[in-house]
Each structure stands twice: as C-alpha cells, then as structure tokens.
Amino acid sequence: MEPIDLNKRIHTLDYLRGFALLGIILVNIPGLLRIDLPQTSVDIAYNNILTLFVEGKFFSIFSFLFGLGFYIFLTRAKAKNEKAYLFFIRRIVILLLIGIVHMYFQPGEALTLYAIFGLIALPFYKVRKEINVVIGLIILGATAYLGLKIAMPFPLILLGLAAGQYRIFEKIEENRKKIIIFTIVMFGISLVGWFYQWKYAPDAYLPLDNLSEEQLANHVEKITNFPLIGMQISPFVSAFYVGTLVILLQHPLIQKLFSPLREYGRMALTNYLGQTALILLIGNALDLISNINLISSLWICVGIYILQLLFSKIWLKFFRLGPIEWLWRMGTYWSVPQLLKTKSKNSN
C-alpha cells in the first residue's frame, strides 16, 4: 500500500459532500412537512424534476463518500500507529446513536444505515480493491434494478472504499483524461436513461376511483415506473454529477466560486442534522406542516442553503471543526480535540 499523507485534506471531497447536501434536503423536506401529492401543474412539473435529477442521486453520492471517508479514516489511523479499528468502531457506534435520535424527527434519515453498513463493510477494508469493485458493482446493479434504495448504501460504501484503495481522489490530475472519458460515458448513459424515464412521467395525480380501467392501468404504470427507472439509473447519474464536479474543480476560478460549498461539506454532519432542525423549526413556527405545496418547499430550501452556507463559512473562520464533528471526534478518541483555530497548520 502506498504511503498516505497524514495531514493533507482532500478538499475535493468537501466540495462533493456539500454538493450532496444541496440535493438531499430537496428530497427530505416533503416528508418532514407532510406535503400532499402534487396537484397543480407547477407542483407536478417540479416533482418530475426531483424524480428525474435529484431522487436517489445525491443520496448515492453521500453513501459513496461515506465509504471513501471510511477508507481514509482507517488508513490514516493505522499510519499513525493508532488503534484504528477500535476508533472506527467507536466512531460508527456514535454515528448510530446520532442516527437513532435523528430518526425520531426524520424517519427517512440515513445515518443509521451508514453506521450499520459501515460495520458490515469493515472486513472489506483488507480485501483487494479489484474484488471490492466487482462485489460493489454486482450488488449495486441488483439493488438499483429492484429499486431497493434502503440497500443501496452498502455497495456504494464498498465502491467508495475501493476508490480510496485506488487513491483516485489523491491522483486526480494524473488521471484527468480517464476521469473525463468516464464522465462522458456516464453522461451518455444518463441521457438515454432520462429519455426513457421521461416516457413514464405522470401528468397528473388523480383520485383512483375517478379513473376508467384503462386510465387506471396507465396511471399506475406511470407512477410505478417513473420513480423506479429513476432509481435504476441513479448510479450512472450520480457518477456523472461527481465526475463533472471533479473536472470543474481543477480550475482555480471554479474552486474560488464554489468555496462556500467546501466549508458546507466540511461540516456535513452538522449541516445534515441542521437541515432537519431548520425545516421543522420553520414548519412549526409558520404553521406549514401539512399546509404547504411542493414548489413552496423549494424556497424554504433556498433559504436554508443561504443560512447554512453563511454559517459554515463564518464558523470555520474561527474553528477547526463543525460543532457536531467536534463532538463526534471527542467521542471517537475519548479526548477533547482542539476546536479554536491557531496560527499553526491545521491537520485532519
């Protein structure tokens, strides 16, 4: 195994985590605010856009990044001669406990899944990278084809682990041509998938008892196949999104423009939990729960984006870690990590 830089932060991963968070909130907010099925043409169009371009895609990116972070954490801990597996298990147990509490407020939360699948994936850390890729792709293909979103994090974690083993995100520049070709291929497959999925896009969500037998069959086919096909093509679309962002981030101007996204991603756990808290706070304060349409939820998300992006940028000017990340690290190492920034170079 090649030596790993113990202190160099892979900023591309922070950008990707921030990017994933932007999409996750769009999918989570309808459930949290108990928004009814779309009825107006605007709501239906927006719901179709979410199903085409968002549902399952950003969740997949986050799952992949969890696997990659899993590899980086263990590898750096082992390189520092730390009790890598003990620290990792503590880290996962804390994540599981956070997830269980979060589930009370957000039934569709993902942290519990990451914790469970992270423990199951632990033995694969010592498995050859080629085997992890094959196993990950086979399981991902099966779960995506069946639309088993709840099971998809496991193969995605394995593929993230394999990406860490291949050191892809530490060697972006030397693999740039391969990444571009990969991204173009993923875009081509995604484009074909989107056109096929669009054939089943519902144009209405009607009361079933008002439909004729033929209309009912057509309606059921659309509302069943439209999200299913979206889940089936989600790994390709997610890969296209990731590849595109990685390529763009090789330009200093793009890095500067997207810099708030980097801080947003550095505080991914804080911001993920914060999304739920802010949605429920706004929903209860403004009496929006079960009393808001789908398109209006988008503007709440935009407001939360602005608030969290600003908060992350300001917080990380003074502190080394997000507040929840700091507590998570404290529980992992059973020591109090430095929180305030100093003039010395920050480590990871």
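(A) Local environment of empty space enclosed by the protein. Taken as a whole, this structure holds 1 cavity of 30 Å³ or more when the rule is applied. Roughly 40 Å³ of volume is contained in the largest cavity. Together, Ile10, Leu68, Ile72, Ala163, Gly164, Arg167, Ile168, Phe169 and Glu170 line the largest cavity. Contributions of two or more residues to the lining of the largest cavity are made by helix H3 (57–79) and helix H7 (153–166). The residue makeup of the lining of the largest cavity, split by class, is 6 nonpolar, 1 polar and 2 charged.

(B) The arrangement of the packing of helix H11 (residues 259–266) against helix H13 (residues 294–318) in detail. Contact geometry of H11 with H13 gives a least axis separation of 8 Å together with a crossing angle of 80 degrees. With respect to each other, H11 and H13 are oriented roughly perpendicular. On the side of H11, the interface is formed by Ser259, Pro260, Leu261, Glu263, Tyr264 and Arg266, while H13 contributes Tyr305, Gln308, Leu309, Ser312, Lys313 and Leu316. Of the residues contributing to the contact of H11 with H13, the split by class is 6 nonpolar, 3 polar and 3 charged.

(C) Geometry of helix H6 (residues 129–146). Along its 18 residues, H6 runs 26 Å from first to last C-alpha, staying within 8% of the 26 Å computed at 1.5 Å per residue. Within the sequence span of H6, burial applies to Asn132, Gly136, Leu140, Thr143 and Ala144. The buried residues of H6 occupy an angular sector of 95 degrees when the element is viewed end-on, so they sit on one face. The exposed residues of H6 that point more than 90 degrees off its buried face are Ile138, Tyr145 and Leu146. Where H6 is buried, its residues contact H7 and helix H9 (213–248). Backbone geometry just downstream of H6 places glycine 147 in the positive-phi region, at approximately 70 degrees.

(D) Fine view of the environment of tyrosine 114. Locating tyrosine 114 in the fold gives a position in helix H5 (residues 111–121). Spatially, the C-alpha atom of tyrosine 114 lies 14 Å from that of phenylalanine 58, the residues being 56 residues apart in sequence. Discounting chain neighbours no more than four positions away, the residues touching tyrosine 114 are Phe59, Phe62, Ser63, Phe66, Leu95, Pro153 and Ile157.

(E) Quick look at the nonpolar core. Grouped together as the largest cluster of nonpolar side chains are 97 residues, with contacts concentrated most on Leu26, Phe70 and Phe169. With 14 residues, H3 is the single largest residue contributor to this core. With near-sequence residues (within four places) excluded, phenylalanine 169 lies in contact with Ile10, Thr12, Leu13, Leu16, Phe64, Leu68, Ala163, Val242 and Val246.

(F) Up close: H11. By the burial criterion, the buried members of H11 are Ser259, Leu261, Glu263, Tyr264 and Gly265. Where the residues of H11 are buried, they touch helix H1 (11–32), helix H10 (252–257), helix H12 (268–285) and H13.

(G) Fine view of the packing of aromatic side chains. What the rule picks out here adds up to 24 aromatic pairs. Centre to centre, the rings of phenylalanine 19 and phenylalanine 58 are 5.0 Å apart; their planes meet at 55 degrees, and the pair counts as tilted. Highlighted residues: phenylalanine 19 in helix H1 and phenylalanine 58 in helix H3, separated in sequence by 39 residues. Given the relative accessible area of 8%, phenylalanine 58 is considered buried. Here the aromatic rings of phenylalanine 73 and phenylalanine 88 are separated by 6.3 Å at their centres, their planes lie at 45 degrees, and the arrangement is tilted.

(H) Main features of unusual backbone geometry. A positive phi is found at arginine 167, a non-glycine position, where the angle reads about 60 degrees. On the accessibility criterion, arginine 167 (7% relative accessible area) is buried. At tryptophan 334, a residue that is not glycine, the phi angle is positive and equals roughly 55 degrees. By relative accessible area, which is 67% here, tryptophan 334 ends up exposed.

(I) The side chain of threonine 183, seen in detail. Along the chain, threonine 183 falls in helix H8 (residues 176–198). Under the relative-accessibility criterion, threonine 183 is labelled buried at 6%. What threonine 183 contacts, discounting residues up to four positions off in sequence, is Phe240, Gly243, Thr244 and Ile247.

(J) Highlighting a nonpolar patch on the surface. A cluster of nonpolar side chains, namely Trp299, Val302, Ile306, Leu310, Ile314 and Phe318, defines an oily patch on the protein surface of about 630 Å² accessible area. Mapped onto the fold, isoleucine 306 is located in helix H13.

(K) Local environment of the pattern of salt bridges. Counted under the stated rule, the structure contains 7 salt bridges. A salt bridge links arginine 167 to glutamate 170; the shortest N-O distance between them is 2.6 Å. Here glutamate 263 and arginine 262 are joined by a salt bridge, their closest N and O atoms 3.3 Å apart. Taking the relative accessible area as the measure of exposure, glutamate 263 reaches 8% and is therefore buried. Through salt bridges with shared partners, a single ionic network connects Arg262, Glu263 and Lys313.

The rules we used
- Residues numbered from 1 in each chain as written.
- Predicted model: local features only at pLDDT ≥ 70, side-chain atom pairs only at ≥ 80, totals over all residues.
- Heavy atoms only, no water.
- 1 Å grid on protein atoms, 1.4 Å probe; cavity = no way out; pocket = protein on both sides within 12 Å on 5 of 7 lines; lining within 4 Å.
- Points joined across faces, edges and corners; volume = space filled by probe spheres on them.
- Helix = DSSP H or I, 4+ residues; strand = E, 2+ residues; numbered from the N terminus.
- Nonpolar A, V, L, I, M, F, W, Y, C, P; charged D, E, K, R; others polar.
- Axes fitted to C-alpha atoms, helices over the stretch in contact; angles between N-to-C directions.
- Parallel < 35°, antiparallel > 145°, perpendicular 65-115°, else oblique.
- Contact = heavy atoms within 4.5 Å.
- Expected span 1.5 Å × (residues − 1).
- Buried < 20%, exposed > 50% of the residue type's maximum accessible area, 1.4 Å probe, protein only.
- Arc of directions from axis to C-beta.
- Core = buried A, V, L, I, M, F, W, Y, C linked by side-chain atoms within 4.5 Å.
- Phe/Tyr/Trp six-rings, centres within 6.5 Å; stacked < 30°, edge-to-face > 60°.
- Patch = residues over 30% accessible without salt bridge, like charges linked within 9 Å, V, L, I, M, F, W, Y side chains within 5 Å.
- Areas by Shrake-Rupley, 256 points an atom, 1.4 Å probe, with all protein chains shown as cover.
- Salt bridge = Lys/Arg side-chain N within 4 Å of Asp/Glu carboxyl O.

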